[in-house]
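So the chains spell out like this:
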Amino acid sequence: MALPTPLQAFSGVPKINTAPDKQTIVDGEKMTGAQALIRSLEDLGVEDVFGIPGGAILPVYHEIKDNTKFRFVLMRHEQAAGHAAEGYALATGKVGVCIVTSGPGATNVVTAIADANMDSVPMVVITGQVGVQAIGTDAFQEADIVGITYPVSKHSFLVTRAQDIPRVLSEAYYIANTGRPGPVVVDLTKTAQTGDMYYSWPQRMILPGYNPTTKAHGRVLSDAAKLFSQSYRPVLYVGGGAARSNAGAQVKALADLTGAPVVTTLPARGIIPDSDPKNLGMLGMHGTIAATGAVQRADLLVAIGARFDDRVTGKLDAFAPTARVIHIDIDPAEIGKNRQPDVPIVGDVATVLDDLIPEIQRTQAIQGKPNLAPWWKAIDGWREEYPMTWDEPTDGSLAPQWVIKKLSEMADPSTIWVTGVGQHQMWASQFIDFENQHAWISSGGLGTMGYGLPAAIGASVGSAREFEGKKPVWLIDGDGSFQMTSEELAAAFLDHAPVKIAILNNSVYGMVRQWQTLFYEHHYSQTNLLDGEAHGADGAAALADGDAPLEVPDFIKLAEAYGCVGIRAFTEEEAIAAIEKANQINDRPVLIDFRVWKDAMVWPMVAAGAPNDEVTYKPGIEPLAGGHPAPGTGRTGRHPGSGNRSGRACDRRVRARDRRCHCERALRRGEHSWLTILHPSLVPSVIRCPCWWRTAQACWRVSPACSPAVRSTSTRCPSPPPSVRTSLASR
């Protein structure tokens, strides 16, 4: 018999035993396992649960009654139940909970489990399972959900005894919400649900080895503070871990203290207000030029709750090539996974930053603050020369970017923004003005189409619970993404979740079409949805040969069929009027069908697998390619001495009598963190000097190899060959 997996270790795979389970615990209130599960959720403080009933979980649903302390929201698909729990968790900061049945019900929720795992969302998923004696017999609606979810969940339990239910629920809730948050699966056999047990609370958890590190230790804080004091081009690279840690105030305090710019990943949008001048926006594949350029030219990159995802880094070995790295993350598995840090710090982001900031203050009191004025001059040049903009449609339809900008301008400042996945998701991250934490909910790591509507329902339920409905919820979705879970309009209407829905209807799978345009010879294979293409911008039907206009589906009729309000907008005037009307309706969902340009594209863009230096601002414009200078500096990112055998590019201070690079002397004064200057004989290609910002430093003719003092500060500078060492000694 195969040994149980590590995730099954606490409950184990039961041995075949026809004898009834012998109850040894008799203290507490006697009840069934199903009753114990409901009571455990109540004692854990759970207030809202999402799900769908089914045969293997019916004993639990039988115990959900009018006097149950939590609200149950009946969804229309198990995947949607999981996404609703995600949206609820992200909007409220609490653990999301959903309950589904076995077999297909459990497998349907796997997508939501994988999504929550990628985005570190705290969630407990309770699935039904066949009776203990039927496990392994291919019984009706049996599926090994523990085995299926093993790779995509934080932890999984198989519960075979009723007496274990309160303890396992306590452990699942704790695991989901501590350390790096994530989804925990509790697979509940029908035997455990119907068996008798004695209930007591609180429960003693049995979690040997699970002890997440939250506080930094050792000398890592002082090492990090030292790197800040030596950096003239720092960047704070902030990821979703900072949002999960609720560390917005700490990130802003660190940026204000050090003067470093802040760039964010997709899940971290809103971690500090967009109105803060230090916020450069999102970096990476569809990030701003200022954010991507700053990271590529940085000499210190501080990764805060980020995991160096490929959509951020592009070609990994070309990402932030001149930067030393401080990596702060609560998950030790992320440290060094993609980029080896110079200073690794394991701990909760908010806690670590609370401890790091005083350390930096002490260092600054002794050494002072580096002058970042040239750095900010370059960043502001990028901002001014390459702002976020868009091309106007050529067919008279709406520009989707304009629609999102207008939604942002007209929305309540406390709005919670939710998106599906596709072009609309990227445009929303680019053109919405985020001023609050936890105001952005989107599927980042997994990129799940269909995520938007159920997540918005969960966020709306959470808003009603935690904020008395004072935070309205806007869903921005594409016509393709929306249709994957559109049946959840029924749940939104019947459970009083007044979500406001903006569908950017371009009649195509927009992001796929963009890639087909750019990389697949304009071959639009299977991306035309034909769900609104037959109407022109003036609202008139564009009929051909007597055919009726294509409206499959007609989103207005679809909304009305589910009891929602439906509005269609072809022009800017109609769009503004529709948004105003939607903002006034708070008793039911509102859907607006915005007809937008199908050939609109998301810019800037870095092609998948390409270096971030090859980011395209617009077709034909690559601001960072080939070491192009930052605006207004006249200096490139390439080593200024490359190809200049005379050494005339060197600053006059470099050509001093001792023939040492000015950067080396600055290093001794603590002005620079490290230096890499290599003779061409040592490497096959030109290596960038990270000090290019301050001077037109050291061509190799003057400093043919790193001196011992420089080598001692950098692992990147190898010892020169004997011929070079002899040459240096003769000087």
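**A word on the overall build of the chain**
- Summing up its helical and strand segments, the chain has 26 helices and 20 strands in all.
- Roughly 29400 Å² of accessible area belongs to the chain as shown, and the carbon and sulfur atoms make up 51% of that amount.

**Quick notes on the side chain of K500**
- Tracing the backbone shows K500 in strand β18 (residues 500-505).
- Put simply, K500 is tucked away with no salt bridge, and the nearest opposite charge, on D587, sits 8.0 Å away.
- Residues contacting K500, with those up to four places away along its chain left out, are P472, V473, W474, L475, A582, N583, I585, N586 and V590.

**Looking at the packing of aromatic side chains**
- Scanning the entire structure with this criterion turns up 12 aromatic pairs.
- Ring geometry for F308 versus F319: centroids 6.0 Å apart, planes at 85°, classification edge-to-face. With F308 in the loop between β12 (300-304) and α13 (310-313) and F319 in the loop between α13 and β13 (324-329), the pair connects residues that are 11 residues apart, well separated along the chain. The same class applies to F308 as to F319, namely buried.
- Geometrically, the ring pair formed by W390 and F431 is edge-to-face, given 5.3 Å between the ring centres and 80° between the ring planes. Residue W390 is located in the loop between α15 (373-385) and α16 (400-410), and its partner F431 is located in helix α17 (residues 423-431); the two are separated by 41 residues in the primary sequence.
- Linked through ring pairs, Y237, F308 and F319 together constitute an aromatic cluster.
- Against the face of F467 rests K471, its NZ or CZ located 4.1 Å from the ring centre.

**Considering helix α7 (residues 165-177)**
- Counted at 1.5 Å a residue, the expected span for α7 with its 13 residues is 18 Å, and the 18 Å between its end C-alpha atoms agrees.
- For α7, a buried count of 11 out of 13 residues is recorded, marking the element as mostly surrounded by other parts of the structure.
- Among all positions in α7, only I165, P166, R167, V168, L169, S170, E171, A172, Y173, I175 and A176 are buried.
- The elements touched by buried residues of α7 are α1 (33-43), β5 (123-129), β6 (155-159), β7 (183-189), α8 (190-194) and β8 (196-199).

**Points about the pattern of salt bridges**
- For the structure shown, the criterion picks out 32 salt bridges.
- In this structure, E468 engages K470 in a salt bridge whose closest nitrogen and oxygen atoms are separated by 3.7 Å.
- Assessed through its relative accessible area of 59%, K470 is described here as exposed.
- Shared partners join several salt bridges into a network, and the residues in it are E551, D554, R568, D593 and R595.

**Some words on the sheet that holds β18**
- Strand order in the open sheet formed by six strands is β16-β15-β17-β18-β20-β19, with parallel pairing between adjacent strands. Among the strands making up the open sheet, the edge pair consists of β16 (440-441) and β19 (565-569).
- As paired elements, strand β15 (residues 416-419) and β16 share two bridges and run parallel to each other. In the strand pairing of β16, W417 is matched with W440.
- Along the sheet face, α16 touches β15, β17 (473-478), β18 and β20 (590-595) and points at about 165° away from the line of β18.

**Thoughts on the confidence of the model for the chain**
- Considering every residue of the chain, the mean pLDDT works out to 85; 80% of them sit at 70 or more.
- Across residues 1-15 the pLDDT falls below 50, and counting only partners more than four positions away or on other chains, this stretch makes 21 contacts in the model.

**Focus: the nonpolar core**
- If you look at the biggest cluster of nonpolar residues, it comprises 47 residues, and the most contacted ones within it are F50, M75, V418, I441, I457, F482 and I501.
- The biggest single contributor to this core is helix α3 (residues 78-92), with eight residues.
- Once you skip the residues sitting within four places of it in the chain, I441 turns out to touch G87, L90, A91, I416, W417, V418, T419, Y451, A455 and A459.
- Within the second largest apolar cluster, 37 residues are counted, among which are W417, W474, L504 and V602.

**Quick word on empty space enclosed by the protein**
- Applying the stated criterion across every chain yields a total of five cavities of 30 Å³ or more.
- Forming the walls of the largest cavity are A225, F228, S229, S231, P234, T258, I360, T363, Q364, P370 and L372.
- If you list the elements that add at least two residues to the lining of the largest cavity, you get α9 (220-230) and α14 (349-367).
- Class assignment for the residues of the lining of the largest cavity results in six nonpolar, five polar and no charged.

**Comments concerning the sheet that holds strand β3 (residues 71-74)**
- The parallel open sheet is built from six strands, whose spatial order is β3-β2-β4-β5-β7-β6. Both edges of this open sheet fall to β3 and β6, since each of them pairs with a single strand only. Across the sheet, the axes of successive neighbouring strands diverge by a mean angle of 20°, strand direction being ignored.
- Alignment of strand β2 (residues 48-51) against β3, held across four bridges, turns out to be parallel. By the bridge assignment for β3, V49 is matched with F72.

**Re the environment of L475**
- On the secondary structure map, L475 appears in strand β17.
- Residue classification places L475 among the buried residues on the basis of a relative accessible area of 0%.
- Along the backbone, L475 and P454 are 21 residues apart, and their C-alpha atoms lie at a distance of 9.9 Å.
- The residues touching L475, leaving out its near neighbours within four places in the chain, are V418, T419, G420, G452, L453, A456, V499, K500, I501 and A502.

**As for the packing of α3 against helix α5 (residues 110-119)**
- Two numbers describe how α3 lies on α5: the axes approach to 7 Å, and their chain directions differ by 25°. In terms of their interaxial angle, α3 and α5 are classed as roughly parallel. Taking contact as the criterion, the partners of Q79, G82, H83 and E86 in α3 are, on α5, T111, A112, D115 and A116.
- Split by residue class, the contact of α3 with α5 holds two nonpolar, four polar and two charged.

**Topic: helix α23 (residues 572-584)**
- The first and last C-alpha atoms of α23 sit 19 Å apart over 13 residues, in line with the 18 Å expected at 1.5 Å per residue.
- Along α23, the residues that are buried comprise A575, A578, I579 and A582. Taken down its axis, α23 places every buried residue within 100° of arc, on the same side. Looking at α23, the residues exposed on the side facing more than 90 degrees away from the buried face are E573 and Q584.

**Side note on a negative patch on the surface**
- Judged by side-chain charge, E392, E572, E573 and E574 come together as a negatively charged surface patch.
- Locating E392 in the fold gives a position in the loop between α15 and α16.

**Here we look at the environment of D477**
- Here D477 shows up in strand β17.
- Take D477: its relative accessible area is 1%, and that puts it in the buried class.
- With residues up to four places along the chain from it excluded, the contact list for D477 reads G420, H424, G452, L453, F482, A502, I503 and L504.
- Within the structure, the side chain of D477 is placed 3.4 Å from the side chain of H424, a separation counted as a polar contact.
- Within the structure, the side chain of D477 is placed 3.1 Å from the side chain of S481, a separation counted as a polar contact.

**Some remarks on the side chain of Q250**
- For Q250, the location among the structural elements is in helix α11 (residues 248-258).
- The residues touching Q250, leaving out its near neighbours within four places in the chain, are A350, L353, D354 and I357.

**Observations concerning a nonpolar patch on the surface**
- Taken together, the side chains of L518, F519 and Y520 define a hydrophobic patch exposed on the protein surface, amounting to about 290 Å² of accessible area.
- Tracing the backbone through its elements, the reader meets F519 in helix α21 (residues 510-519).

Cut-offs used in this document
- Residues numbered from 1 in each chain as written.
- Predicted model: local features only at pLDDT ≥ 70, side-chain atom pairs only at ≥ 80, totals over all residues.
- Heavy atoms only, no water.
- Helix = DSSP H or I, 4+ residues; strand = E, 2+ residues; numbered from the N terminus.
- Areas by Shrake-Rupley, 256 points an atom, 1.4 Å probe, with all protein chains shown as cover.
- Buried < 20%, exposed > 50% of the residue type's maximum accessible area, 1.4 Å probe, protein only.
- Lys, Arg positive; Asp, Glu negative; His and termini not counted.
- Salt bridge = Lys/Arg side-chain N within 4 Å of Asp/Glu carboxyl O.
- Contact = heavy atoms within 4.5 Å.
- Phe/Tyr/Trp six-rings, centres within 6.5 Å; stacked < 30°, edge-to-face > 60°.
- Lys NZ or Arg CZ within 6 Å of the ring centre and 35° of its normal.
- Expected span 1.5 Å × (residues − 1).
- Pairing = 2+ DSSP bridges.
- Axes fitted to C-alpha atoms, helices over the stretch in contact; angles between N-to-C directions.
- pLDDT = per-residue confidence, 0-100.
- Core = buried A, V, L, I, M, F, W, Y, C linked by side-chain atoms within 4.5 Å.
- 1 Å grid on protein atoms, 1.4 Å probe; cavity = no way out; pocket = protein on both sides within 12 Å on 5 of 7 lines; lining within 4 Å.
- Points joined across faces, edges and corners; volume = space filled by probe spheres on them.
- Nonpolar A, V, L, I, M, F, W, Y, C, P; charged D, E, K, R; others polar.
- Parallel < 35°, antiparallel > 145°, perpendicular 65-115°, else oblique.
- Arc of directions from axis to C-beta.
- Patch = residues over 30% accessible without salt bridge, like charges linked within 9 Å, V, L, I, M, F, W, Y side chains within 5 Å.
- Charge placed at Lys NZ, Arg CZ, Asp CG, Glu CD.
- Polar contact = N/O pair within 3.5 Å; in protein donor to acceptor, adjacent residues only side chain to side chain.

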